[in-house]
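Here is how the chains run, residue by residue.
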Amino acid sequence: MEEVLYDQSSIIIAGVLLAAILAANETGYRLGRWRRSEADIGAKAQTNAIQAAMLGLLALLLGFTFSMALQRFDSRSQAALKEANAIGTAYLRTQLLPAAHREEAKDMIADYVSLRVAANKVDLTQTQVRRAQQREVEKAQDALWTLALDAAATDPRPVTAGLFIQSLNDLIDAYGERNAALRKHVPEVVLFLLFAVFLIAGAVLGYSGGLEGGRPFLATLSMSLLIVLVIFIIIDLDRPRRGLIEVSQESMLDLSEAVGSTTTN
């Protein structure tokens, strides 16, 4: 199923949602004023009970969705750190390789780090660019694996080439896990459900105020703004490399600096 929201700006979504909730509240309020003369005390009490239930459901969905987005953000952070550690371990274990392969392996891993740093700057919506970078990364992995096999043929001892091959396997696995983590985000059906409950709750809130003959507009506006802000944070957390809240790339940048400074010495 093609996603609708994922390619849209989170700021635009939040702005449209704020305008929609204010329109829904105003529509509900006018409808309530129109039905006020027909509503008795029982109808008003029932409407207030429904309003409280709707707000409770909205709070539940907000908490659930925020937790889901935060877990995915945390998994991406851990995956980034794990990949940097895996590459760093492979780089250190180049020291175990035969002398004929050692420097070449160091240079290849340094180039691989540069590829991964560059990939971390690309928005996930730039599909063609990401595919080209993915092919480059996979090509570099194949070259490293070929070098490791050559080194193993030269020196098959498990404490030399064998440990380097194991670290390369971890490097490739960490790359796959990070790609998988980047593709995980809050399902759009959950977001659409959250938006629907939010808008209906706003309409019911306005309707209840119309039945009572007045509404605390400033309080309603403040509540709407706060909820839209929370939804904006949820969407922003769920969008790697394109929102205000981004996974720290410090571990990979530190590794790039260390590998670069080592190779130039």
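Computed from a prediction, not measured in an experiment: that's the story for all the values here. (Residues numbered from 1 in each chain as written. Predicted model: local features only at pLDDT ≥ 70, side-chain atom pairs only at ≥ 80, totals over all residues. Heavy atoms only, no water.)

K.L.:
Teacher, can you tell me more about the layout of surface pockets here?
P.N.:
If a probe the size of a water molecule is rolled over the atoms, the empty space left behind becomes visible. Each pocket or cavity is described by its volume, and for the largest pocket that value is around 400 Å³. Along its surface, the largest pocket is lined by 19 residues, and L124, R130, Q134, L182 and R183 are the ones closest to its centre. For the lining of the largest pocket, the secondary structure elements donating two or more residues are α3 (99-119), α4 (127-154) and α5 (158-183). For the lining of the largest pocket, the element with the highest residue contribution is α4, accounting for six residues. The class makeup of the residues in the lining of the largest pocket is seven nonpolar, six polar and six charged. (1 Å grid on protein atoms, 1.4 Å probe; cavity = no way out; pocket = protein on both sides within 12 Å on 5 of 7 lines; lining within 4 Å. Points joined across faces, edges and corners; volume = space filled by probe spheres on them. Helix = DSSP H or I, 4+ residues; strand = E, 2+ residues; numbered from the N terminus. Nonpolar A, V, L, I, M, F, W, Y, C, P; charged D, E, K, R; others polar.)

K.L.:
Would you take a moment to explain the pattern of salt bridges for this structure?
P.N.:
Two side chains carrying opposite charge are able to pair once their charged atoms lie near each other. In this structure the tally under the stated criterion is five salt bridges. With a shortest N-O distance of 2.9 Å, R30 and E26 are connected by a salt bridge. Of the two residues, R30 and E26 both sit in helix α1 (residues 10-35), four residues apart, roughly one turn of that helix. Overall, E26 belongs to the partly exposed group, its relative accessible area being 25%. Here R116 and E83 are joined by a salt bridge, their closest N and O atoms 2.6 Å apart. (Salt bridge = Lys/Arg side-chain N within 4 Å of Asp/Glu carboxyl O. Buried < 20%, exposed > 50% of the residue type's maximum accessible area, 1.4 Å probe, protein only.)

K.L.:
Looking at this structure, I do not really get the packing of aromatic side chains. What am I missing?
P.N.:
Taken as a whole and judged by the stated rule, the model has one aromatic pair. Consider the rings of F192 and F195, whose centres lie 6.4 Å apart with planes at 90°: the pair is edge-to-face. A residue pair is termed a helical-turn pair when its members lie 3 or 4 positions apart in one helix, as F192 and F195 do in helix α6 (residues 188-212) at three residues. Its relative accessible area of 39% is what places F192 among the partly exposed residues. (Phe/Tyr/Trp six-rings, centres within 6.5 Å; stacked < 30°, edge-to-face > 60°.)

K.L.:
In this structure, what is going on with the confidence of the model for the protein chain? I would like to understand it.
P.N.:
Reading fine detail from the predicted coordinates is not recommended where pLDDT is low. Taken over all residues, the pLDDT of the protein chain has a mean of 86, while the share at 70 or more is 97%. Mean pLDDT across the secondary structure elements of the protein chain bottoms out at helix α8 (residues 250-264), with 78, and peaks at α3, with 91. (pLDDT = per-residue confidence, 0-100.)

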